[in-house]
Amino acid sequence: MTTPQLDRADALRAALATWTVDAVEAVCGERATRALAREQVLPARLAARASSTPEATLTRVFLLGDAVPVARLDDALPGVGADGAAAMGLVELSAGEARARVDLRPYETTTADGEARWWVASDLGEDVTGERLEADHVLGIGGASLTLAGMTKRSPVGRVLDLGTGCGIQALHASLHARAVVATDISRRALAFAEFNRALNTAGAWDLREGSMLEPVAGERFDLVVSNPPFVITPPGTPEFEYRAAGAQGDGIVSGLISSVGSVLAPGGVAQMLGNWEIHGAGWADGLEAWLAASPVPLDAWVIERDQLDAAEYAETWLRDAGVTPERGRAAFEDAYEAYLSDFDARGVTAVGFGMVLLRRPLSGAPTLRRLEQHEGALQEPFGAYLVDALAAHDLVASLSDQALLDARWMVAADVTRESYGPVLQADPSHLLLRQGAGLGRSISMDTALAGFVGACDGELAAGQIAHALAALLDVPSGVMIEGLVPAIRELVADGFLAPAAD
């Protein structure tokens, strides 16, 4: 397989200027765009073949794997042409036609400064080639990489490490808010794609390094580490790919990273990653707790498990992802399926969790954040911005004594709504809920006292004043009211339901 060459990257960028995400959607139409999201290319091929615009030609070649006349690609890439694209390793020319050798597609993201538009190259996917992936396949932009990009804090930082960079999509995002970007990967092919994407998008100077996990950066410090590591559990006898497994048994890649990443974090530095973790008993987080305890540097930790599959479901998911299905060969499928189940059963794995991990090295003192939770609902965008605010809220609450908490004035966050429900003929509602519109979309059940407190949080009165007024209204001793409200206020502030009132 080829990797793209850097020659004429400036000319290629100029030629691609009108080929944007919106342009692709205009070529394909809504139905085909939705089908592409399901990795079904036929509707888009049919739509793109009906158009002769340069954007349709580029979509056919680089997204959909179609062969097009060389003359048409010449027109679609002014200043580069089919010959230039072939010289760069992007297409192959044969019998007057051009066919893609790599996947190349537009990508855009919303930043604090507006839209960022890029083009990202990777290896062609199985949905286009119809063939099994090679072991050194370089993955393009997928669901996991988008999830990680969306959950990453985008505050301005000094040094960022993109560990396991692949095609470089996380490094591209990091280049918008970091002074320096280091990107590592065990795969030379991946680093070649990352360097091409950096040059094509003029994303500044990256320090690209070959090596496994933290080895290339041992002894260094970073303000932010992002990683979509090769976390897929891959027992012997099952399909192996560099991008999703790196030779460790079980969830060893993720456990090793969680246990060791603190060694490269600067004080106040944050690591954000995705991962799988094996579940061996009733406690889904037992393994994670052990990994965190093994870190040589005590860390704040926030883990959100987004999904959990039993052993058979996990095997089926990743075999299908590898193109190993009964339709393509029942014997091979059953052999690999059995290898999964035999390995899991031998090691007592009952299920596998998937989710997000955020670790932080405290600026000083001991860690104050240890939150391991399950959340299967949708994440509210922009989730990365929510994490920035959530960490700040946690730090604020952790710094306040009970008295300081009561002396402060609080306001209900703008995204929070109140819900009440109960039998139709009942005068008073049976249930009162606070529901959050951002972040995790949390909901909290309230009793009368807490509902009264939140309803009075308009920034005018201190929390203690509201508590004393509620105590008198509900005929409850003030001490009892305050004792019950203080932990509830801490939780509401930490979760983003309440925010400090503006001075």
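Residues numbered from 1 in each chain as written. Predicted model: local features only at pLDDT ≥ 70, side-chain atom pairs only at ≥ 80, totals over all residues. Heavy atoms only, no water.

## Describing helix α8 (residues 143–151)
In an α-helix, one full turn covers 3.6 residues, which means residues spaced three or four apart are oriented alike.
Okay, step 1: Residues S145, L148, A149 and M151 constitute the buried set of α8.
Okay, step 2: Against α9 (169–174), β9 (222–227), β10 (265–279), β12 (351–360) and α15 (383–399) lie the buried residues of α8. (Buried < 20%, exposed > 50% of the residue type's maximum accessible area, 1.4 Å probe, protein only. Helix = DSSP H or I, 4+ residues; strand = E, 2+ residues; numbered from the N terminus. Contact = heavy atoms within 4.5 Å.)

## A closer look at the UniProt feature "domain: Methyltransferase small" (unreviewed entry) in the protein
Okay, step 1: As recorded in UniProt, the feature "domain: Methyltransferase small" (unreviewed entry) lies at residues 144–232.
Okay, step 2: Secondary structure across residues 144–232 divides into 30% helix and 29% strand, with the first and last C-alpha atoms of the span separated by 12 Å. (UniProt positions renumbered as here; feature names shortened; annotations may be inferred.)

## Quick word on the pairing of strand β16 (residues 431–436)
Okay, step 1: Relative to β16, strand β15 (residues 416–421) runs antiparallel, the two sharing 6 bridges. In the strand pairing of β16, V416 is matched with Q436.
Okay, step 2: Where β16 and strand β17 (residues 443–446) come together, 4 bridges link them in antiparallel fashion. Bridging from a neighbouring strand, L432 pairs with M446 of β17.
Okay, step 3: Turn length for the β16-β17 hairpin, with the two strands adjacent in sequence and antiparallel, is 6 residues, and the turn residue G439 shows positive phi of about 60°. (Pairing = 2+ DSSP bridges.)

## Points about the layout of surface pockets
Okay, step 1: Approximately 670 Å³ is the volume attributed to the second largest pocket.
Okay, step 2: Around the second largest pocket, the lining comprises 26 residues; the ones closest to its centre are T109, T110, T111, A112 and R154.
Okay, step 3: Within the residue set of the lining of the second largest pocket, elements represented by two or more residues are β4 (103–111), β5 (114–122), α8 and α15.
Okay, step 4: Ranked by residues supplied to the lining of the second largest pocket, first place goes to β4 with 5 residues.
Okay, step 5: When the residues that make up the lining of the second largest pocket are grouped by side-chain class, the tally is 11 nonpolar, 10 polar and 5 charged. (1 Å grid on protein atoms, 1.4 Å probe; cavity = no way out; pocket = protein on both sides within 12 Å on 5 of 7 lines; lining within 4 Å. Points joined across faces, edges and corners; volume = space filled by probe spheres on them. Nonpolar A, V, L, I, M, F, W, Y, C, P; charged D, E, K, R; others polar.)

## As for the pattern of salt bridges
Okay, step 1: Taken as a whole, this structure holds 27 salt bridges when the rule is applied.
Okay, step 2: Notably, a salt bridge pairs R45 with D66, separated by 3.9 Å at the nearest N-O pair. You can see R45 sitting in helix α3 (residues 42–49) and its partner D66 sitting in the loop between α4 (54–63) and β1 (68–69), a full 21 residues away along the chain. We note that R45, like D66, is buried.
Okay, step 3: In this structure, R442 and D495 form a salt bridge, with 3.6 Å as the shortest nitrogen-oxygen distance. Highlighted residues: R442 in the loop between β16 and β17 and D495 in the loop between α19 (478–494) and β19 (498–500), separated in sequence by 53 residues.
Okay, step 4: The exposure class assigned to R442 is buried, which follows from its relative accessible area of 13%.
Okay, step 5: We classify D495 as buried; its relative accessible area is 3%.
Okay, step 6: If you follow the salt bridges from partner to partner, you end up with R45, R49, R60 and D66 in one network. (Salt bridge = Lys/Arg side-chain N within 4 Å of Asp/Glu carboxyl O.)

## Description of the packing of helix α11 (residues 252–260) against helix α12 (residues 286–293)
Okay, step 1: The interhelical angle for the contact between α11 and α12, taken along N-to-C directions, is 40°, at an axis separation of 7 Å. Compared by their axis directions, α11 and α12 come out oblique. Seen along the crossing, α11 lies across α12 with a hand that is right-handed. Within the contact between the two elements, α11 uses V254, S255, I258 and S259 and α12 uses L288, W291 and L292.
Okay, step 2: Grouping the amino acids of the contact of α11 with α12 by side-chain chemistry returns 5 nonpolar, 2 polar and no charged. (Axes fitted to C-alpha atoms, helices over the stretch in contact; angles between N-to-C directions. Parallel < 35°, antiparallel > 145°, perpendicular 65-115°, else oblique. Left-handed = near helix turned anticlockwise from the far one by under 90°.)

## Some thoughts on the sheet that holds β12
Okay, step 1: Read from one edge to the other, the open sheet built from 8 strands follows the order β8-β7-β6-β9-β10-β12-β11-β13, with strand pairing classed as mixed. Two strands close off the open sheet at either side, each with one partner strand: β8 (206–210) and β13 (370–374). Taking the axes of each pair of neighbouring strands and ignoring which way they run, one obtains an average angle of 15° across the sheet.
Okay, step 2: Here strand β6 (residues 157–163) pairs with strand β7 (residues 178–185) via 6 bridges, running parallel.

## Notes on the sheet that holds β19
Okay, step 1: Read from one edge of the open sheet, 3 strands run β18-β14-β19, paired in antiparallel fashion. Because the sheet does not close on itself, it has two edges, and the strands there are β18 (458–462) and β19. Looking at each pair of strands side by side, their axes are set apart by 35° on average, direction ignored.
Okay, step 2: Two strands pair when backbone bridges link them, and strand β14 (residues 409–412) and β18 are joined in this way by 2 bridges, in the antiparallel orientation.

## A few points about the packing of aromatic side chains
Okay, step 1: Throughout the structure, instances matching the rule amount to 11 aromatic pairs.
Okay, step 2: Consider the rings of F383 and Y386, whose centres lie 5.4 Å apart with planes at 35°: the pair is tilted. With a gap of 3 residues between them, F383 and Y386 both fall in helix α15, about one helical turn apart. There is no split in this pair, since F383 and Y386 are both buried.
Okay, step 3: Of the aromatic side chains, those joined through ring pairs into one cluster are F231, Y314, W318, Y340, F344 and F354. (Phe/Tyr/Trp six-rings, centres within 6.5 Å; stacked < 30°, edge-to-face > 60°.)

## A look at empty space enclosed by the protein
Okay, step 1: Tallied over the full model, the rule gives 3 cavities of 30 Å³ or more.
Okay, step 2: Elements that contribute at least two residues to the lining of the second largest cavity include exactly β11 (300–310), β12 and α15.
Okay, step 3: No other element matches the 3 residues that β12 contributes to the lining of the second largest cavity.
Okay, step 4: Residues of the lining of the second largest cavity, tallied by class, amount to 8 nonpolar, no polar and no charged.

## Points about the environment of H468
Okay, step 1: With respect to the helices and strands, the residue H468 is situated in helix α18 (residues 463–474).
Okay, step 2: As for H468 and I482, which are separated by 14 residues in sequence, their C-alpha atoms are 7.8 Å apart.
Okay, step 3: With near-sequence residues (within four places) excluded, H468 lies in contact with S478 and I482.
Okay, step 4: Within the local environment of H468, its side chain forms a polar contact with the side chain of S478, the two groups lying 3.2 Å apart. (Polar contact = N/O pair within 3.5 Å; in protein donor to acceptor, adjacent residues only side chain to side chain.)

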